[in-house]
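In case you want the letters, here they are:
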Amino acid sequence: MAQHQDEVEPVDSPYYHRVVTVPNVVSVVRFALIVPAVLAVLDIDEQPVRALVLVAFFSLTDWVDGTLARALRQRSRVGEVMDPIADRLGTVAIAVAAGVVGLFPWWVLVVIAVVDVVVGIVTLVRGSLGALRVTTVGKAKTALLMVGTVLVLAGPAWSSPEVTDVGRVLVQIAAVLHALAGIQYFRQALRR
């Protein structure tokens, strides 16, 4: 629901109104990865490496699409809307799957879900979809959540419960930051 602070293309750029751009193709790939990643997490006892690889690839594509948008100067309105939706759907779905198999504490899922639902509703009601600016807390939360999730999944893949424990700590810190970022996004949405 939030876009990156560093504006890459002016709104009058020819790419701003295009649907097909390289970063948007990456975002479509991210959407396509959600279901296989969730299914892999649910099957982590049988194929832990597959879950780790798919979730790590999903997480990496978040960085890739933003980097490509800046490097290629292909910021687009579609990307501003699509990228945060892919983030939210993917991270929530993967977190729920990790909770179902006992890798995530349930309170983390509740915090993520409640914040996302409240901010999502306010964003839609206020017409702010794709218009919110990513905050420093939001960036830190996303990074910690993705790294923590990958580490949680790396534990079973590498037969290392210690790695999973480190990941759980990062995920719990990310949940607290998620609540703080949610307050910031809520306030932004109300101001629009």
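Residues numbered from 1 in each chain as written. Predicted model: local features only at pLDDT ≥ 70, side-chain atom pairs only at ≥ 80, totals over all residues. Heavy atoms only, no water.

## Section: the overall build of the protein chain
Turning to step 1, where the next piece is worked out: Within the protein chain one finds 6 helices and 2 strands.
Turning to step 2, where the next piece is worked out: Its C-alpha radius of gyration of 17 Å places the protein chain within 12% of the 16 Å reference for a compact globule of 192 residues.
Turning to step 3, where the next piece is worked out: Taken along its principal axes, the extent of the C-alpha atoms in the protein chain is 50 × 30 × 20 Å.
Turning to step 4, where the next piece is worked out: Every one of the 192 residues in the protein chain was classed for burial, and the buried ones make up 49%.
Turning to step 5, where the next piece is worked out: Accessible surface, the protein chain: about 9,200 Å² in total, of which carbon and sulfur atoms supply 71%.
Turning to step 6, where the next piece is worked out: Of the side-chain charges in the protein chain, 16 are positive and 15 negative, and the distance between the mean point of each set is 10 Å. (Helix = DSSP H or I, 4+ residues; strand = E, 2+ residues; numbered from the N terminus. Rg over C-alpha atoms; globule rule 2.2 N^0.38 Å. Buried < 20%, exposed > 50% of the residue type's maximum accessible area, 1.4 Å probe, protein only. Areas by Shrake-Rupley, 256 points an atom, 1.4 Å probe, with all protein chains shown as cover. Lys, Arg positive; Asp, Glu negative; His and termini not counted. Charge placed at Lys NZ, Arg CZ, Asp CG, Glu CD.)

## Side note on the side chain of Gln 74
Turning to step 1, where the next piece is worked out: Along the polypeptide, Gln 74 turns up in the loop between α2 (48–71) and α3 (77–100).
Turning to step 2, where the next piece is worked out: Within the local environment of Gln 74, its side chain forms a polar contact with the backbone nitrogen of Val 22, the two atoms lying 2.9 Å apart. (Polar contact = N/O pair within 3.5 Å; in protein donor to acceptor, adjacent residues only side chain to side chain.)

## Examining a nonpolar patch on the surface
Turning to step 1, where the next piece is worked out: On the surface, a cluster of nonpolar side chains totalling about 690 Å² of accessible area is made up of Val 19, Val 20, Val 25, Val 29, Phe 57, Leu 60 and Trp 63.
Turning to step 2, where the next piece is worked out: Looking at the nonpolar patch, the elements that each hand over two or more residues are α1 (22–42) and α2.
Turning to step 3, where the next piece is worked out: The element contributing the most residues to the nonpolar patch is α2, with 3 residues.
Turning to step 4, where the next piece is worked out: Tracing the chain through its elements places Trp 63 in helix α2. (Patch = residues over 30% accessible without salt bridge, like charges linked within 9 Å, V, L, I, M, F, W, Y side chains within 5 Å. Salt bridge = Lys/Arg side-chain N within 4 Å of Asp/Glu carboxyl O.)

## Comments concerning α1
Since the α-helix turns once every 3.6 residues, residues separated by three or four places project in the same direction.
Turning to step 1, where the next piece is worked out: Here α1 spans 31 Å end to end across 21 residues, near enough to the 30 Å set by a 1.5 Å rise per residue.
Turning to step 2, where the next piece is worked out: Within α1, the axis deviates most sharply at Leu 33, by approximately 30 degrees, and proline Pro 36 lies no more than four positions further along.
Turning to step 3, where the next piece is worked out: The set of residues buried in α1 consists of Pro 23, Asn 24, Val 26, Ser 27, Arg 30, Leu 33, Ile 34, Ala 37, Val 38, Ala 40 and Val 41.
Turning to step 4, where the next piece is worked out: Contacts made by the buried residues of α1 are with α2, α3 and α5 (136–158). (Expected span 1.5 Å × (residues − 1). Bend = angle between axes of the 7 residues up to and from the residue. Contact = heavy atoms within 4.5 Å.)

## A short note on the packing of aromatic side chains
Both the distance between ring centres and the angle between the ring planes are used here to describe each pair of aromatic rings.
Turning to step 1, where the next piece is worked out: Following the criterion strictly, the structure yields 0 aromatic pairs and no others.
Turning to step 2, where the next piece is worked out: Across from the ring centre of Phe 58, 4.9 Å away, lies the NZ or CZ of Arg 30, which sits over that ring. (Phe/Tyr/Trp six-rings, centres within 6.5 Å; stacked < 30°, edge-to-face > 60°. Lys NZ or Arg CZ within 6 Å of the ring centre and 35° of its normal.)

## Some points on unusual backbone geometry
Turning to step 1, where the next piece is worked out: Phi at Arg 73 takes a positive value of approximately 55 degrees, unusual for a residue other than glycine.
Turning to step 2, where the next piece is worked out: The exposure class of Arg 73 is partly exposed, given its relative accessible area of 47%.
Turning to step 3, where the next piece is worked out: In the Ramachandran plot, Ser 159 falls in the positive-phi region, its phi being about 50 degrees despite a non-glycine side chain.
Turning to step 4, where the next piece is worked out: Here Ser 159 shows up in the loop between α5 and α6 (161–191).
Turning to step 5, where the next piece is worked out: Taking the relative accessible area as the measure of exposure, Ser 159 reaches 67% and is therefore exposed.

## Considerations on the side chain of Asp 87
Turning to step 1, where the next piece is worked out: Inspection of the secondary structure assignment puts Asp 87 in helix α3.
Turning to step 2, where the next piece is worked out: Sequence-distant contacts of Asp 87, defined by excluding residues within four places in its chain, comprise Arg 30, Asp 62 and Met 146.

## Focus on the packing of helix α4 (residues 106–125) against α6
Turning to step 1, where the next piece is worked out: Viewed as axis vectors pointing N to C, α4 and α6 meet at an angle of 10 degrees, and their least axial separation amounts to 9 Å. Between α4 and α6, the angle is such that the two are roughly parallel. Relative to α6, α4 is oriented so that their crossing is left-handed. Of the residues in α6, those in contact with Trp 107, Val 108, Val 111, Ile 112, Val 115, Asp 116, Val 118, Val 119, Val 122 and Thr 123 of α4 are Val 171, Gln 172, Ala 175, Val 176, His 178, Ala 179, Gly 182, Tyr 185, Phe 186, Ala 189 and Leu 190.
Turning to step 2, where the next piece is worked out: A breakdown of the residues in the contact of α4 with α6 according to their chemical character gives 16 nonpolar, 4 polar and 1 charged. (Axes fitted to C-alpha atoms, helices over the stretch in contact; angles between N-to-C directions. Parallel < 35°, antiparallel > 145°, perpendicular 65-115°, else oblique. Left-handed = near helix turned anticlockwise from the far one by under 90°. Nonpolar A, V, L, I, M, F, W, Y, C, P; charged D, E, K, R; others polar.)

Note that every value here comes from positions in space, so none of it alone points to a role or purpose.
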